[in-house]
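The chain contents come next:
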Amino acid sequence: MTYGQFLLVAVLAVPALGALAVATVPRDRAARLVGTVAAGLALVPAVLLGVGDHNWFGYGPSPGVRPWHQLDLPWVPGLDLRFHLGVDGISWPLVVLTALLTLLCCGYTLWRVPAGGGSGRALVALLLVVEVGILGTFLALDMVLFFLFFEVVLLPMYAIIAGWGGADRRRAARKFALYTLFGSVLLLVGVYTVVAAAGTADIVALTGGAGLSRNTQLAAFTLLAVAFAVKSPLWPLHSWLPAAHTQAPTVGSVILAGVLLKMGTYGLIRVAVGVAPEGARWAAPVLGVLAVAAIIVGSLVCLAQDELKRLIAYSSVGHMGFVLLGVATLTTTGLQAALIGNIAHGIITGLLFFLAGAVKDRAHTGALDELSGLRETAPRLAGLLGFAAVASLGLPGLAGFWGEAFAVVAAVRRGGPLWTTLAVLAAVGGALTAAYFLRLLRRVTHGRPSPAVDRVGPGLAAAELTAWVPLVLLALAVGLVPTLVLGYATGPVEALLEVVR
Amino acid sequence: MSVVQSVDNVALLPAYLAAGTAVFVLLVDLVLARAGATVAAAGVGAVATAAGAALTGAGETRRTFCVGADCSWLADDRAALVAVVFALLTLGVLAISWPLLRSGPTPVGEYCFLLACSMTGGVVLGAAGDLITLIVALETLTLPLYVLVGLRRGSVASAEAAVTFFVVSVVATTLTLLGAALLYAVTGGVHLGRLGALFGERPELLDVPLTTAAVALVVLGLAFKVAAVPFHAWAPATYDGAPLPVAAYLSTASKLGGVVALLAVVERALPATVTGPVLALLAVLTMTVGNLVALRQRRTVRLLAWSSVAQAGYILAPLGALALAAGRTDEARAAAYAAAVAYAVFFVLLELAAFAAVVTLRPAGADGGTLDDLRGAARRRPWVGGAFALALVGLAGLPPGLAGLFAKVTVVRSLLDGGAGWLALVVAVNAVIGLAYYLRLAATLWAAPTADGAPAPARPAGAVAAALAVATALAVLVGFAPQLVLDLAAR
């Protein structure tokens, strides 16, 4: 086993063993500590995966996926399932983001366990299992394995929402589970549509179409795209998201928005577009129109929202719309915009949900009517909220800018009346995004303190700052130096588009 | 032709052992008259049967009771697998019966004897090579159950369940027999292999209306045994009225019996052009109706009963691929049968674990009760609750219940290989509906207990806990190494 293969196994094994260890440690606080240490240890191999030489050597025509490291073991030959992991520039930033957010969430839980009845120990264990599922999804280079990890996330996330969520958590959790299961069963059918036609489930071999007939590709892309659209979520399949976000505990929302949604967009790029490129070209206009509809609808709904977490949840619909627009253009610029948009949204929305959770914990309400004047009583919290909101609306120099701007640029460059119209509408949506975030800030931070806000003290706990500061720094770093993400993604994206075109 | 047949006794070893178990149990009960000894005798017999079947299956295929090339007894790999599964199921059901037998009025000797008889039917069923042996074996499997269902003395529900089951089952058997008789009238053969060959050689036989009627009668009669919709109405009432371990046996072993019989006739005897569409329709109806009705159930065993109706639909689904020409290539057919067998094996394992967990969580000798009776059960008993949830999640086909996930994957894969994408989509959508009620049951286990609070039941008997632990461990094992089951099923 080479060094790279060891890292790949370690990235998955450390959180999995950590979850087991957490389950066996009897004392609650000690167990949470063990879980946090495991999450921290998992970050190490995740980062190390990206360090080193990334040149790709090989003979013959270059494939569409050129993993830096890979591990390929047989598992269930009867189902064409191989334990095939690999990492490249498309997946690595997401892997690091996942490991980082899980660590921050575990650390946050060390400080405060959300009310709701469940023990903190179980919550940390579930967070680690969710991490295994998400990391596995990003690392899988076998379609069946991808599906398997895609499914692993479902029930632990359900349990997190149902066990530690708000008042209406059971309904929200059930809605989440059923909607996303609907997505994953379509994924299953889509995966085996491809496997039955191609005789292999290896993503490296399949990327580029691999001789699949046009009809197979259309059917497979339709199934896969709907499956990923539910997860992303793409309007009009998004209705599970606001309910789940509003009811989920803070850490649940952070993971959900930060990385879980990315499984959908990542899958769209790696699996759906990669394996069925002809289907992707065929469906691109539909995807583009739906993406722009998501941007506009998401922004308009946000303008009318009066609940803090619900507003941020709906803003995710709009932001993921930009990501999907980038994918739909099927250009280098568009895919790169999608990738950096993914990362930026993960960082910023993770931060926003942390802050919204902090506001709700202190004021005991999330209703915008009952919140105002936060900067009078808690200036630092209000400042951070302002920073996150401004980053999210896409101010140049912060992380949110690149994904949205370049998705629009990609659509313009694609040319033609349809794509130009879509670009214009998306830009209007971007302006609306600014409008609702500024409205949010005006309502929450400005004005005279409401009775609920009056009780809020100015202090921030050290644990909170520890969880937030890395995200603030990353939002700045990705905004100022986008090559942090794009530098790794350029090669893989061009390789992918080479075989897809 | 010689009148004297040579009989291959090695091939018959599993059947001897199973039947011997029944006699042995009767003797032990007569001589020792102690509950523990009787149950132990039955358990030893079941283990011996499993071992015997495994030994016979390890060698090459053996045939006996042959007339020319047609044999009534085919001890092949599939037969060995079926016999081993039946014997192990019987062992598991015996283990979870222990609190019931210890607690009270159930006559131990009769109970164990009947269970062993039923096991004998199951063991013979797997090896049956002609329609008559098949039907007799299936009846041997079912007949003792009429009595076992009614064994809860003084319970009207139990008696009602027994009568319902008896009447429906006898009608179903009659239909199958009539179908077999008509098939004989058309073809002059009753051996499965001979029927298959005849239909292959003389396709004009298929145009005779009588053939269609005969095939339909055989398939529909067997569909009763599997509790496929629209022949399912007996199942929920019977399961709910029966003692819990018997309900477990009904929903695992008895259902498996129906599946094995159906597979045998569809695979070897009957023309796929006729059976394919019928089975596809049955599968769609069965899983959809089973899942939709299960959504509304408030009683634990009824919920499990309806869910097992739906699961029968998933088992039948791969055979539905035979309805299409693409599904009738040799490769696709073999994949479809293997998928059905594999799903059945995964299913009985998870179902047995689920029932064992219900038995553990309920007071000794009680019925399944309502869902509310299980509120907060996992908070009192985290390990049992976890095992129960794992079984339920497996039945829903999701991780961490990997065994169930791979079962669903196997079915979907075989359907897509057979070109029946629409049926795969139906299976997929049904999996979503199924999750809704499995999740409700699993979430109830962790819900806050009601104010009055169900009394904490006594510690479960060791035998039940052991059965639950073994079933769960096996489910986890085949979850990580599903190839074990797939290999066995494909042989």
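- An unreviewed UniProt entry annotates chain B as NADH-quinone oxidoreductase subunit N of Micromonospora mirobrigensis.
- Turning to chain B, the UniProt annotation filed under Subunit (unreviewed entry) states: "NDH-1 is composed of 14 different subunits. Subunits NuoA, H, J, K, L, M, N constitute the membrane sector of the complex."
- Of the comments in the UniProt record for chain B, the one headed Catalytic activity (unreviewed entry) reads "a quinone + NADH + 5 H(+)(in) = a quinol + NAD(+) + 4 H(+)(out)".

- The name given to chain A in an unreviewed UniProt entry is NADH dehydrogenase subunit M, and the organism recorded there is Micromonospora mirobrigensis.

Some details on the pairing of strand β1 (residues 69–76) of chain A
All names here are of chain A.
Argument step 1. Where β1 lies against strand β2 (residues 81–87), seven bridges are found, and the strand directions are antiparallel. Counterpart to Asp72 in the pairing with β2 is His84.
Argument step 2. Adjacent in sequence and paired antiparallel, β1 and β2 are bridged by four residues, among which Asp80 carries a positive phi angle near 60 degrees.

Quick look at the environment of Val87 of chain A
All names here are of chain A.
Argument step 1. By the secondary structure assignment, Val87 is in strand β2.
Argument step 2. The exposure class assigned to Val87 is buried, which follows from the 24 C-beta atoms found within 10 Å.
Argument step 3. In the structure, Val87 is positioned 41 residues away from Ala46 in sequence and 9.9 Å away in space, judged by C-alpha atoms.

Things to note about the packing of helix α11 (residues 250–260) of chain A against helix α15 (residues 332–363) of chain A
Residue and element names in this part refer to chain A.
Argument step 1. Relative orientation of the contacting elements α11 and α15 amounts to 165 degrees, with a least axis distance of 8 Å. With respect to their mutual orientation, α11 and α15 come out roughly antiparallel. You can see that α11 and α15 cross each other, and the crossing is right-handed. Taken together, the residues of α15 that come into contact with α11 (itself represented by Thr250, Ser253, Val254, Ala257, Gly258 and Val259) are Gly346, Thr349, Gly350, Phe353, Phe354 and Gly357.
Argument step 2. Along the lines of polarity and charge, the residues of the contact of α11 with α15 split into five nonpolar, seven polar and no charged.

Describing the interface of chain A and chain B
Argument step 1. On the side of chain B, 25 residues touch chain A, which itself brings 24 residues to the contact.
Argument step 2. Those elements giving two or more residues to the side of chain A that touches chain B turn out to be α5 (143–152), α6 (154–164) and α7 (169–198) of chain A.
Argument step 3. The element that contributes the greatest number of residues to the side of chain A that touches chain B is α7 of chain A, accounting for 13 residues.

With respect to the pairing of strand β1 (residues 62–67) of chain B
All names here are of chain B.
Argument step 1. Pairing of β1 with strand β2 (residues 70–75) involves five bridges; the strand directions are antiparallel. Counted as the bridge partner of Val67 is Asp70 from β2.
Argument step 2. Count of turn residues in the β1/β2 antiparallel hairpin: two residues, of which Gly68 carries a positive phi of about 65 degrees.

Describing unusual backbone geometry
Argument step 1. Residue Pro233 of chain A is bonded to the preceding Ser232 of chain A through a cis peptide linkage, with omega at -10 degrees.
Argument step 2. Mapped onto the elements of the fold, Pro233 of chain A is located in the loop between α9 (214–231) and α10 (240–247).
Argument step 3. Backbone torsion omega between Pro399 of chain B and Pro400 of chain B reads 5 degrees, so that peptide bond is classified as cis.
Argument step 4. Of note, Pro400 of chain B is situated in the loop between α15 (382–396) and α16 (402–417).
Argument step 5. A positive phi is found at Ala227 of chain B, a non-glycine position, where the angle reads about 65 degrees.
Argument step 6. Note that Ala227 of chain B resides in the loop between α8 (209–226) and α9 (234–241).
Argument step 7. By the C-beta count within 10 Å, which is 29 here, Ala227 of chain B ends up buried.

Analysis parameters
- Residues numbered from 1 in each chain as written.
- Chains lettered and ligands numbered in written order.
- Predicted model: local features only at pLDDT ≥ 70, side-chain atom pairs only at ≥ 80, totals over all residues.
- UniProt positions renumbered as here; feature names shortened; annotations may be inferred.
- Pairing = 2+ DSSP bridges.
- Helix = DSSP H or I, 4+ residues; strand = E, 2+ residues; numbered from the N terminus.
- Buried ≥ 20, exposed ≤ 12 C-beta atoms within 10 Å, placed from the backbone.
- Axes fitted to C-alpha atoms, helices over the stretch in contact; angles between N-to-C directions.
- Parallel < 35°, antiparallel > 145°, perpendicular 65-115°, else oblique.
- Left-handed = near helix turned anticlockwise from the far one by under 90°.
- Contact = placed C-beta atoms within 7 Å.
- Nonpolar A, V, L, I, M, F, W, Y, C, P; charged D, E, K, R; others polar.

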